[in-house]
Amino acid sequence: MAEPPKCAEIEHLSGRYTVCTFDPATDTIRLFGAGTLETRGATYDQLNTHLLRNGQHTSFAMNGGMYHPGYGPVGLLVEQGRETGELNHADAFGNFFMKPNGVFWVGDGKAGVMETEAFAKADLSPREATQSGPMLVVDGNIHPRFLPDATSLQIRNGVGILPDGRVAFAISNDPVRFHDFATLFRDRLQSKNALFLDGSISSLYAPEIRWRDRDAVMGTIIAVVKNLPW
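Residue indices begin from 1 for each chain and proceed along its sequence in written order. Thresholds applied to this predicted model are a pLDDT of at least 70 for local features of residues and 80 or more for the giving and counting of side-chain atom pairs; totals over whole chains, interfaces and linings are not thresholded and use all residues. Note: side-chain values were computed over all heavy atoms of the structure, leaving out hydrogens and water.

(A) Region of the structure containing the overall build of the protein chain. Counting from the N terminus, the helices are DSSP H or I runs at least four residues long and the strands are E runs at least two residues long. Along the backbone of the protein chain there are three helices and 17 strands. Taken over the C-alpha trace, the protein chain has a radius of gyration of 16 Å; the compact-globule value for 230 residues is 17 Å, and the two agree within 12%. Projected onto the principal axes, the alpha-carbon positions of the protein chain cover approximately 50 × 40 × 30 Å. Within the protein chain, buried positions represent 53% of all 230 residues. Should any heavy atoms of two residues lie within 4.5 Å, those residues are considered in contact. Of the contacts formed within the protein chain by residues at least 6 apart in sequence, a portion of 70% connects residues at least 24 apart. About 10800 Å² of surface is accessible on the protein chain, with carbon and sulfur atoms providing 49% of the total. Under this rule, positive means Lys or Arg and negative means Asp or Glu; His and the chain ends count for nothing. Here the site of a charge means atom NZ of a Lys, CZ of an Arg, CG of an Asp or CD of a Glu. Within the protein chain, one finds 21 positive and 26 negative side-chain charges whose respective centroids are separated by 2 Å. Both definitions apply: the radius of gyration is a C-alpha atom measure, and the globule rule equals 2.2 Å times residues to the power 0.38. Each residue is placed in one exposure class: buried if its accessible area under a 1.4 Å probe, protein chains only, is under 20% of its type's maximum, exposed if it is over 50%, and partly exposed if it falls in between. A 1.4 Å probe and the Shrake-Rupley method give the accessible areas. Residues count as covered only by the protein chains that appear here.

(B) Representation of the sheet that holds strand E14 (residues 194-198) in the model. One bridge is not enough; two strands pair if DSSP finds at least two bridges between them. Judged by pairing direction, the sheet is antiparallel, and its seven strands sit side by side in the order E1-E2-E13-E12-E14-E10-E11 without closing on themselves. Of all strands in the sheet, those with a lone pairing partner are strand E1 (7-12) and strand E11 (141-142), marking the two edges. Note that strand E10 (residues 135-138) and E14 share two bridges and pair antiparallel. By the bridge assignment, Met135 is partnered in E14 with Leu195.

(C) Examining helix H3 (residues 178-188) more closely. Counting buried positions along H3 yields eight of eleven residues, so the element is predominantly enclosed. Listing the buried residues of H3 in full gives Phe178, His179, Asp180, Phe181, Ala182, Thr183, Leu184 and Phe185. Directly beyond the C-terminal end of H3, a positive phi value near 60 degrees is found at Gln190.

(D) Broad picture of the pairing of strand E3 (residues 28-33). Counting buried positions along E3 gives five out of six residues, so the element sits mostly inside the fold. Both E3 and strand E17 (residues 220-227) contribute to a ladder of six bridges, which runs antiparallel. Along E17, the bridge assignment pairs Phe32 with Ile221.

(E) Focus on helix H1 (residues 44-52). By the burial criterion, the buried members of H1 are Tyr44, Leu47, Asn48, His50 and Leu51. Down the axis of H1, the buried set is contained in an arc of 160 degrees. They therefore lie on one face. Residues of H1 that are buried in the fold lie against E3, strand E4 (56-63), strand E15 (204-206) and E17. This arc is taken over the directions from the axis of the helix to the C-beta atoms.

(F) Examining the environment of Phe32 more closely. By secondary structure assignment, the location of Phe32 is in strand E3. Put simply, Phe32 and Leu204 are 172 residues apart on the chain and 15 Å apart in space, counted from C-alpha to C-alpha. Among all residues touching Phe32, those that are not within four sequence positions of it are Leu37, Leu47, His50, Leu51, Glu79, Gly219, Thr220, Ile221, Ala223 and Val225.

(G) Representation of unusual backbone geometry in the model. With an omega of 0 degrees, the peptide bond between Lys99 and Pro100 qualifies as cis. Between Gly133 and Pro134 the backbone carries a cis peptide bond, its omega angle lying at 5 degrees. Looking at where Pro134 falls in the secondary structure, it is placed in the loop between strand E9 (128-132) and E10. You will see that Leu13, though not glycine, has its phi angle at about 50 degrees, which is positive. Within the secondary structure, Leu13 is located in the loop between E1 and strand E2 (15-22). With a phi angle near 75 degrees, Tyr71 is a residue other than glycine that sits in the positive phi range. Residue placement: Tyr71 occurs in the loop between E4 and strand E5 (77-79).

(H) Structural detail: the pattern of salt bridges. Here a salt bridge means any side-chain nitrogen of Lys or Arg lying within 4 Å of a carboxyl oxygen belonging to Asp or Glu. The tally for this structure, following the rule as stated, stands at nine salt bridges. A salt bridge links Arg16 to Glu9, with the shortest nitrogen-to-oxygen separation between them at 3.3 Å. By relative accessible area, which is 49% here, Glu9 ends up partly exposed. In this structure, the salt-bridge partner of Arg214 is Asp45, at a minimum N-O distance of 2.5 Å. With a gap of 169 residues between them, Arg214 in the loop between strand E16 (211-212) and E17 and Asp45 in helix H1 connect regions that are remote in the sequence. Relative accessible area serves as the criterion here: at 40%, Arg214 is assigned to the partly exposed category. Asp45 sits in the partly exposed class, given a relative accessible area of 36%.

Treat this as a map of the structure, not an account of what it does.
Pasting the structure below:
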């Protein structure tokens, strides 16, 4: 029996979005930094080449957080239990530092999105994690700096946790403001916590719906990995 579709296009307010959902209890969600792929800037083709060496392939992928000019992570990055980027508590300029920022993590068949300081206090040891910012939704509340009449429109992507524990990855098909993107998670997807991933190189690799952003160059990739059938 064929698996039900993981990705769907939905409309919310004046925008269109593609949302892909996965169950951390049954789907293998992993993080890959550019350093792990042994390249200056990660691409989906490089990720597939890396996985094929281990008899695996990518069934879904999305850019997974912000990075420095050398493609190293700005904040926390955990890959298969190995910390390759440290949790960043600093105050500075840019979306990452628009507090509160947060962490998306996966481990022991579960996944979560938490505000950075709450994550630090929780003393978790996730198998995979990436830090980004700002948080879109925190405990059911829209980030306080998002304005419903803001004029900054971008293609944006992010991740949230659904009420049943599944992970929802979303990317806007059209340029949208932060506020509208946040309400997609809070009001349409019922996510009490959601995290912004990026708004300048937002990209998606979803063969199921024939969406392959092959030209995207990233610091970190979030991927759903499957074993090859042979």
